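Architecture at a glance
Given next are the chains, with one letter for each unit.
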Amino acid sequence: MTTETQHTLLSTSLGTGEGAQAPAAAPAPVTSPASAAPKKPEVSPRDVENLERALIDQSARGPVLTFFTTAILWLLVSCVLGYIASKKLHDPGFILGPEWLYRLIGLHGWAQWFFDRLSYGRVWPAYNAALIYGWCSLAGMGVATWLIGRLTRVAIRAPGILQFGAWFWNIGLLAGVIALLTGGYNSGLEYFELHPAAKGCMLLGYLMIGVWGVILFRYKRTAAPYISVSYLVAAFFLFPWFFGATQFLTTGSVVTGVTKNIVLAWYQGGLFNLWFTCLGLAAAYYFIPKVINKSIYSYNLAKIGFWSWVFLSGLTALTRLSGGPIPAYLITLSVAASILLIIPIATVLTNLAQTMKGNAGMMAWSPTLRFVWVGTVFFGLAAGLGVLGSLRSVDSVMHFTQWNYGQTHALLIGFFSLVMFGAIYYITPRLVGCEWLSRSFIKLHFLGTAYGGGTIIALFLISGIWMGFTMNEPAGKEYAFYNIPQSMLFAQAVKSYLGYFIFGIAQIIFAVHFLFMRLRIGQPAGEPTLLMNPEDAH
Amino acid sequence: MDKSSTLFPGIFGAFLLSTTFMVLLPHQQLSGLQPTVGDWDGASPSPSDVYPVKMETELGRRTGERAFAEYGCFYCHSQQIRDKQYGPDVDRGWGPRRTVARDYIYESVPLLGATRIGPDFANYGWLGEEKDAAGNPVKVHLWRNEPENDPKKPIRNESWIYQHLYNPRAIVLDSNCPPMPGLFELTDIGAAPSPDAVEVIGNRQLVPTDEARYIARYLLSLNRTHELKEAPITMKKKEAKK
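The present account deals with the structure reproduced in this document. Treat the numbers as computed from the prediction; the structure is a model and nothing was measured. What you see as residue numbers is a count from 1 along each chain, following the sequence as written. The naming scheme follows written order: chains are lettered A onward, ligands numbered 1 onward. Local features are withheld for residues below a pLDDT of 70 in this predicted model, meaning they are given only at 70 or higher, and side-chain atom pairs are given and counted only at 80 or more; totals for whole chains, interfaces and linings count all residues. Side-chain metrics rest on all non-hydrogen atoms present in the structure, leaving aside hydrogens and water.

Comments concerning the nonpolar core
Residue and element names in this part refer to chain A.
- Counting 232 residues, the largest nonpolar core has Y133, W135, F276, F287 and I427 as the members making the most contacts within it.
- Ranked by the residues each element gives to this core, the list is headed by helix α9 (residues 258–292), at 24 residues.
- The contact definition used throughout considers only heavy atoms, calling two residues in contact when any of these lie within 4.5 Å. In this structure Y133 touches N128, L138, W169, L173, Y191, F192, L194, M202, F243, Y267 and L271, once residues within four positions along its chain are discounted. Think of a nonpolar core as a cluster: buried Ala, Val, Leu, Ile, Met, Phe, Trp, Tyr and Cys residues, connected wherever their side-chain atoms sit within 4.5 Å. Note on classification: 1.4 Å probe, protein chains only; a residue is buried when its accessible area is under 20% of the maximum for its type, exposed when over 50%, partly exposed between these limits. Starting at the N terminus, helices and strands are each numbered in turn, a helix being any DSSP run of H or I of at least four residues and a strand any DSSP run of E of at least two.

Below is the structure:
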């Protein structure tokens, strides 16, 4: 089958599938001319397709909006926690907000008590959990749920189960984050700190969600080759294995000693390379061709990129323990696999860039394309930093510095978040029945996210490089170790005041904008809110 | 075209490959590690010299480890010494040799750490013997973080740790470590102030809570300096004798 059929494949009839089972009385979203279709005497295949899409969107509406809403709440939480964590690095004993305000309302003592206990070591994991399991995972699952419905052309039969799963995930996460902040429980495994019971609750919720991805794939009604489907299936299918196996292996004494750290590194690799990267690339591969209305450049290239990524990236995990107390050949294996990752990275980027070729001007007016494409560029940065950081000469300097946070953030708030924002700007109007209220809001959100997030990433990397070279001063003859973080205080201060502040403001704007959408305050449906009139773009 | 008949087995194959090399192979190799008895070359001064020892035998250590993890100390303080080809950890005075898998066989969760915003703690309780003026052997703390030419040689005992937990900048200028006043409680001074009191306010004193005592005991129990066959001591001999 040729790739040209990819986005123009039409079904000639609704058939007796899921579309027919959807309640006829349910108000179909009026995002497309679909609602007008039955009134016309002649029904064109285009109308049928639009109606079918509207019915699939309708079935996904509840769970996807639940995912998005909770994800955005977690995003706001993670902005606040990220700001506190960043500030704690240059001002260890600070109180959030003006002190006189606390004095005025008589809570100064309480605030002091609370922030005294809120050390960097407690805020940082809570921030990471809110960002990774709150914002990124929930937004990713929301976008993936919608995408799977669209790509397989199957409506979700029991959206209530997905919604139930989303609440399980959220409740488990909330309990785990509260435990982290109050010092109740920290497993000691970075990015996997939450209490086992909290993680169990999240896994249970995930199974309710993820099983639908696999079932929908099984009952897909289209044979069109979407590379996005492969990425989505990989993400949905692999995540519970990584999460569940790590949970099983690291609690108790199934494995002992540093094997737990090895399992943890393996999990971190799976989390970033297979869960987030696959979800993000699935969305990028869907939305870029969709917006510019052109099929992807090469389906075969996409397949090579997918399979080489899935097989190789699972072997790169142990570069995180480079130089550590584990057998050296494991690290060598991971370094070799990391270098080979250049193949999928180059393949994916070439493919998406060739698809974009000649259409970059559309970024001037399409919010989705602007977010998704800039996110894709950040993918190149994040993945490239991963390869670079695995080289022994680079690692021996950058290991133990904030360089690895820079790489993680390039992936999470550069690549993944931007792609998810683009997807949310595309999906939400199709679910709520009105368009985004203000193009200025979208523009501000983009600027704040790209530049604020870019500042955060850049300063993590810069302070990492700075710290790495100082830390490797021969024999520490000149510097005691405590002078080294001191030398990066300025970078940390800029990261808090510029990076997290701008990033946070942009997310508040986005959250308010999304709230308007939920309240159906927006432009009338039918005319998408573009950043400028496409005719003026030239 | 990826049919489900190739997609699912393919993805599962990738997972199995990853699991085999990243989990099963290391587990198979490392799960059988046993403590060493005596020196590796057989010239041990005492044959009952077993290393490492189970942590549970040391009172309070496990609780201290939990507190260390729950305050998030491990985000800034790693517990692993790299070989000289990776970095100057040994030269900094954090340990006499690199750490290896055998050092951690009894840890419930080895807090190896991934970032160093503070110094490494793998051997915080590293003790050595020195002869005092009268020729009697005395135990001295060998772990150091100061540059070699720094005249300060602080003795890192429990009261030093309490001072540091209470207000790091009071004793380590420029420290970026957060103060932990929550680890101290106000009590009445009885006959005389407690030796561990970090501050005396009128007739009240700030003394460490049990949690702080567990943390200090845990830190001082960290000692992975026993020579192992797979990790010979690489520190300069002159310093090793000190």
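Next comes the rest of the description.
Brief notes about helix α18 (residues 489–518) of chain A
- Expected helix span is taken as 1.5 Å per residue step, with the number of steps being one fewer than the number of residues. If you check α18 of chain A, its first and last C-alpha atoms are 41 Å apart, about what 30 residues at 1.5 Å a residue would give, namely 44 Å.
- Helix geometry: α18 of chain A is bent most strongly at K495 of chain A, by close to 35 degrees. Two axes enter the definition of the bend at a residue: one is fitted to the seven residues ending there, the other to the seven starting there, and the bend is the angle between them.

Here's the deal with helix α5 (residues 120–152) of chain A
- Its 33 residues give α5 of chain A an end-to-end C-alpha distance of 45 Å, which sits within 8% of 48 Å, the value for a rise of 1.5 Å per residue.
- Counted residue by residue, α5 of chain A has 33 buried out of 33 residues, so it is predominantly covered.

Description of the pattern of salt bridges
- For this document, the term salt bridge refers to a Lys or Arg side-chain nitrogen within 4 Å of an Asp or Glu carboxyl oxygen. By the definition in use, this model includes 15 salt bridges over all chains.
- For D91 of chain A, the salt bridge is made with K87 of chain A, and the minimal N-O distance between the two is 3.7 Å.
- Assessed through its relative accessible area of 10%, K87 of chain A is described here as buried.
- Between R82 of chain B and D89 of chain B there is a salt bridge; the shortest N-O distance is 3.5 Å.

Some details on the sheet that holds strand β6 (residues 199–201) of chain B
Residues and elements named next belong to chain B.
- In short, DSSP must find at least two bridges between two strands for them to pair. On the basis of which strands lie adjacent, the open sheet formed by three strands has the order β5-β7-β6 and antiparallel pairing. Two strands close off the open sheet at either side, each with one partner strand: β5 (184–188) and β6. Neighbour to neighbour, the strand axes of the sheet diverge by 35 degrees on average, direction disregarded.
- Pairing between β5 and strand β7 (residues 204–208): five bridges, direction antiparallel. From the neighbouring strand, E185 faces β7, where its bridge partner is V207.
- Each of β5, β6 and β7 is contacted by helix α3 (residues 158–166), which is oriented at about 110 degrees to β5, the strand it contacts most. Think of each axis as a best-fit line through the C-alpha atoms, taken over the contacting stretch in the case of a helix, with angles from 0 to 180 degrees between the N-to-C directions.

Quick word on the interface of chain B and chain A
- At the interface, 78 residues of chain B touch 91 residues of chain A.
- By buried area we mean how much accessible surface two parts lose on assembly, using a 1.4 Å probe and totalling the loss over both. Summing both partners gives a buried area of about 7,400 Å² for chain B against chain A, and 63% of it is carried by carbon and sulfur.
- Our enumeration of links across chain B and chain A arrives at zero salt bridges.
- Among the secondary structure elements, those contributing two or more residues to the side of chain B that touches chain A are α1 (4–30) and α2 (61–70) of chain B.
- When residues in the side of chain B that touches chain A are grouped by element, the largest group, 21 residues, is from α1 of chain B.
- Ten residue types, Ala, Val, Leu, Ile, Met, Phe, Trp, Tyr, Cys and Pro, are classed as nonpolar, four, Asp, Glu, Lys and Arg, as charged, and the remainder, Gly among them, as polar. Residue composition of the side of chain B that touches chain A, grouped by class: 41 nonpolar, 23 polar and 14 charged.

Quick word on the packing of α3 of chain B against helix α5 (residues 210–221) of chain B
All names here are of chain B.
- For the pair α3 and α5, the least separation of the axes is 10 Å and the interaxial angle reads 120 degrees. Relative to α5, the element α3 lies oblique. Handedness of the crossing formed by α3 with α5: right-handed. Residue-level inspection shows E158, I161, Y162 and L165 of α3 in contact with α5, the latter providing A212, R213, I215, A216, L219 and L220.
- Split by residue class, the contact of α3 with α5 holds eight nonpolar, no polar and two charged. Roughly parallel means an angle under 35 degrees; roughly antiparallel, over 145; roughly perpendicular, 65 to 115; everything else is oblique. Left-handed is the label given to a crossing in which the near helix is rotated counterclockwise from the far helix by less than a right angle, and right-handed is the label when the rotation is clockwise.

Overview of the packing of aromatic side chains
Residues and elements named next belong to chain A.
- In this scheme Phe, Tyr and Trp rings, the latter by its six-membered ring, pair at centre separations within 6.5 Å, and the angle between planes marks the pair as stacked below 30 degrees, edge-to-face above 60, and tilted otherwise. A complete count under the given rule lists 62 aromatic pairs over all chains for this structure.
- Residues W135 and F421 carry aromatic rings whose centres are separated by 5.0 Å and whose planes lie at 25 degrees to one another, so their mutual orientation is stacked. Placement of the pair is W135 in helix α5 and F421 in helix α15 (residues 403–432), with a sequence separation of 286 residues.
- On the basis of relative accessible area, W135 is assigned to the buried category, the value being 0%.

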